[in-house]
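# Notes for the structure review
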Amino acid sequence: MRAVRGATQLDADDRDHMLERVAEMVLDAMEANGLVVDDFISVIFTATSDLVSEFPAYAARQLGFGEVPLLCARELEIASSMPRVVRMLAHVETDLPRADITHVYLHGAAALRRDLTRVRATPDEPDEPDASDG
């Protein structure tokens, strides 16, 4: 059994956006570690207090996690913490050694754990400069 971590940052507290970003995080963690739904033992999702439009676990349910125990909780409210973040801690059955587990940090959350040795980080693309900006 291993633990796979992930986080994603939302642009806004919008239900469809929440479902899209959480699904992206779960699917990316699955792909990066060669996992299928049956490999998951349980998943804990946390969300910052500024996210109230939907339960993050609902995105996993839509991906077929109907028989996997899922739990949602509030992230601690620390003054300097990043806003609009959903985190994931998944317990999985895998033969991968701990050092080979790839954790997934997407969008603004890519800045959260640069210290991990195997991280698939996907930062948001900077806005393209407008042609009129010179």
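Residues numbered from 1 in each chain as written. Predicted model: local features only at pLDDT ≥ 70, side-chain atom pairs only at ≥ 80, totals over all residues. Heavy atoms only, no water.

## Details of the nonpolar core
Phe40, Phe45 and Val86 are the most contacted members of the largest nonpolar core, which totals 28 residues. If you list the elements that add at least two residues to this core, you get helix H1 (15-33), strand E2 (40-47), helix H2 (56-62), strand E4 (85-92) and strand E5 (103-106). Per-element tally for this core: the top contributor is H1, with 7 residues. (Core = buried A, V, L, I, M, F, W, Y, C linked by side-chain atoms within 4.5 Å. Buried < 20%, exposed > 50% of the residue type's maximum accessible area, 1.4 Å probe, protein only. Helix = DSSP H or I, 4+ residues; strand = E, 2+ residues; numbered from the N terminus.)

## Re the pairing of E4
Counting buried positions along E4 yields 6 of 8 residues, so the element is predominantly enclosed. Here 8 bridges tie strand E1 (residues 2-9) to E4, and the two strands are oriented antiparallel to one another. Across the sheet, Val4 pairs through a bridge with Ala90, a residue of E4. Here E2 runs beside E4; their pairing, made up of 7 bridges, is antiparallel. Across the sheet, the residue bridging to Phe45 is Met88, located in E4. (Pairing = 2+ DSSP bridges.)

## Points about a negative patch on the surface
Together, Asp13, Asp14, Asp16, Glu20, Glu24, Asp50 and Glu77 line one region of the surface with negative charge. Structurally, the position occupied by Glu24 is in helix H1. (Patch = residues over 30% accessible without salt bridge, like charges linked within 9 Å, V, L, I, M, F, W, Y side chains within 5 Å. Areas by Shrake-Rupley, 256 points an atom, 1.4 Å probe, with all protein chains shown as cover. Salt bridge = Lys/Arg side-chain N within 4 Å of Asp/Glu carboxyl O. Lys, Arg positive; Asp, Glu negative; His and termini not counted. Charge placed at Lys NZ, Arg CZ, Asp CG, Glu CD.)

## Description of the packing of aromatic side chains
Under the defined criterion, the tally for this structure stands at 1 aromatic pair. Measuring from centroid to centroid gives 4.9 Å for Phe40 and Phe65, while their planes differ by 70°, and the two rings are edge-to-face. In this pair, Phe40 sits in strand E2 while Phe65 sits in the loop between H2 and strand E3 (70-74), placing the two residues 25 residues apart along the sequence. Across this residue pair, the class does not change: Phe40 and Phe65 are buried. (Phe/Tyr/Trp six-rings, centres within 6.5 Å; stacked < 30°, edge-to-face > 60°.)

## Here's the deal with the environment of Ser42
Within the fold, Ser42 resides in strand E2. In sequence terms Ser42 and Ala3 are 39 residues apart; their C-alpha atoms lie 9.7 Å from each other. If near-sequence neighbours (up to four positions away) are discounted, Ser42 is found in contact with Val68, Pro69, Leu89, Ala90 and His91. (Contact = heavy atoms within 4.5 Å.)

These results come straight from atomic positions and should not be treated as a statement about function.
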